[in-house]
Amino acid sequence: MSGDVAESKRCPGREPVELFRPGRVVKICAPMVRYSKLAFRTLVRKYSCDLCYTPMIVAADFVRSAKARDSEFTTNRGDNPLIVQFAAKEAQVLCDAAHIVCPFADGIDLNCGCPQRWAMAEGYGACLINKPELVRDMVRCVRNQIDNPRFSVSIKIRIHEDLKRTVDLCQKAEATGVSWITVHGRTVEERHQPVHYDAIKVIKENMSIPVVANGDIKTLKDAENVHHLTGADGVMVARGLLANPAMFAGYEETPLRCIQDWVDIALEHGTPFTCFHHHLMYMMERITSKQEKKVFNVLSSTSAVLDYLNDHYGV
């Protein structure tokens, strides 16, 4: 955790849970592998995003390896409020990871929703929704060992086929001191099926802590509709923000100003070319023709991308 992070210890301030207020929907950038890193978080914060998550970090690797810490986690003073998401399966390991990031972040989130095979095979992610006692122990351990009362501890889950089991899991987590719960409204097996917003509504009705809805939210209008359908206190967006980082500010498609902002921010942060280019491919998906995509998507250097943007869009 070199560079920016070394200078970014948090000043005491509001705890993230205070973002959740009656009549307000908290707009959240999801933890996305490779994508929700510092440069992208900086961009979406310019366009009305209230809260950002880091990509999922394997807590055991993070605790064990300085190299992993340097590559997986960078932040700066403007990068707040910030939640660091961890994959973990042992209470003390999660606590140790939380101790490391506590001076630099506003909370941690335990990933109980990742359905990828490797994560499930390792005992991480969505398999934890079937281990409510382990989730309870991990949350309790962090609550007992981190002495900053403003530091949030949240979990992100998927739903069970039998929703009673999900409600039970959430209630156990609430009793242990979880700050809020994010619910992706699909089961572990479901990928592209419709999101069960009705299930999120039931969970919300059975909780007294904030609930965040996640799944298939692609526009600000979608976010408002999901809030009305579920009663959720916040919405978490992944692919919708990749396609349009300005969506929370009400833009229907990525404005050229946002593309210019991404270029400026990415170059300032020294973003690797592949990441820089991929983000632009997502952002320009809706505003470029098939022919333009064929040309733009095979560009292989930062200078080629900058020349293309300047020639075609004046960016």
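Please read these numbers as outputs of a predicted model, since none were measured by experiment.

1. Some details on the overall build of the protein
Within the protein, the secondary structure is distributed over 14 helices and nine strands. By the compact-globule yardstick of 20 Å for 315 residues, the protein fits well, its C-alpha radius of gyration being 19 Å. Structurally, the protein occupies a C-alpha span of about 55 × 40 × 40 Å along its principal axes. Each of the 315 residues in the protein was classed as buried or not, and the buried ones make up 54%.

2. Quick look at the pairing of strand 8 (residues 211–214)
Side chains Val-211 and Ala-213 of strand 8 all project onto a buried face; the interleaved residues Val-212 and Asn-214 project onto the opposite face, where all are buried too. Pairing of strand 7 (residues 181–184) with strand 8 involves four bridges; the strand directions are parallel. Looking at the pairing, His-184 lines up with Asn-214 of strand 8. Each parallel crossover has a hand, and the one from strand 7 via helix 8 (residues 197–205) to strand 8 is right-handed. Two elements, strand 8 and strand 9 (residues 234–237), share three bridges in a ladder whose sense is parallel. In the strand pairing of strand 9, Asn-214 is matched with Met-236. Between the parallel pair strand 8 and strand 9, the chain is carried across by helix 9 (residues 220–230), and the sense of this crossover is right-handed.

3. Focus: the UniProt feature "binding site: FMN" (unreviewed entry) in the protein
As recorded in UniProt, the feature "binding site: FMN" (unreviewed entry) lies at Pro-31, Met-32, Val-33, Gln-85, His-184, Ala-238 and Arg-239. Set against the largest pocket, the annotated residues that line it come down to Pro-31, Met-32, Val-33, Gln-85, His-184, Ala-238 and Arg-239. Along the polypeptide, Pro-31 turns up in the loop between strand 1 (26–29) and helix 1 (38–45). Judged by its relative accessible area of 17%, Pro-31 falls in the buried class. Setting aside its immediate chain neighbours within four residues, Pro-31 contacts Ser-36, Tyr-53, Thr-54, Pro-55, Met-56, Gln-85, Lys-156 and Met-236. Positionally, Gln-85 belongs in strand 4 (residues 82–87). Gln-85 gets classed as buried once you look at its relative accessible area, which sits at 1%. Sequence-distant contacts of Gln-85, defined by excluding residues within four places in its chain, comprise Pro-31, Tyr-53, Thr-54, Pro-55, Met-56, Ile-57, Asp-109, Asn-111 and Lys-156.

4. Concerning the state of the cysteines
Cysteine pairs can be linked by a disulfide, which is a covalent bond between their two sulfur atoms. Summed over the entire model, instances satisfying the criterion amount to one disulfide. A sulfur-sulfur separation of 2.3 Å characterises the disulfide bridge that pairs Cys-95 with Cys-141. On the criterion of sequence distance, the pair formed by Cys-95 in helix 4 (residues 91–101) and Cys-141 in helix 6 (residues 132–145) is long-range, its members being 46 residues apart. Accessibility expressed as a relative area gives 1% for Cys-95, which makes it buried. On the basis of relative accessible area, Cys-141 is assigned to the buried category, the value being 13%. No disulfide involves Cys-170; its sulfur sits 9.7 Å from the nearest other cysteine sulfur, which is in Cys-112. On the basis of relative accessibility, which here comes to 0%, the residue Cys-170 falls in the buried class. Left unpaired, Cys-275 is separated from the closest cysteine sulfur, that of Cys-29, by 12 Å.

5. Points about the pattern of salt bridges
In the structure shown here, the tally under the stated rule is 12 salt bridges. The salt bridge involving Lys-204 is made with Asp-233; its shortest N-O contact spans 2.8 Å. Of the two residues, Lys-204 is situated in helix 8 and Asp-233 in the loop between helix 9 and strand 9; the sequence distance between them amounts to 29 residues. By relative accessible area, which is 18% here, Lys-204 ends up buried.

Here is what the cut-offs are and how they apply
- Residues numbered from 1 in each chain as written.
- Predicted model: local features only at pLDDT ≥ 70, side-chain atom pairs only at ≥ 80, totals over all residues.
- Heavy atoms only, no water.
- Helix = DSSP H or I, 4+ residues; strand = E, 2+ residues; numbered from the N terminus.
- Rg over C-alpha atoms; globule rule 2.2 N^0.38 Å.
- Buried < 20%, exposed > 50% of the residue type's maximum accessible area, 1.4 Å probe, protein only.
- Pairing = 2+ DSSP bridges.
- Right-handed = clockwise from strand over helix to strand, strands pointing away.
- UniProt positions renumbered as here; feature names shortened; annotations may be inferred.
- 1 Å grid on protein atoms, 1.4 Å probe; cavity = no way out; pocket = protein on both sides within 12 Å on 5 of 7 lines; lining within 4 Å.
- Contact = heavy atoms within 4.5 Å.
- Disulfide = S-S within 2.5 Å.
- Salt bridge = Lys/Arg side-chain N within 4 Å of Asp/Glu carboxyl O.

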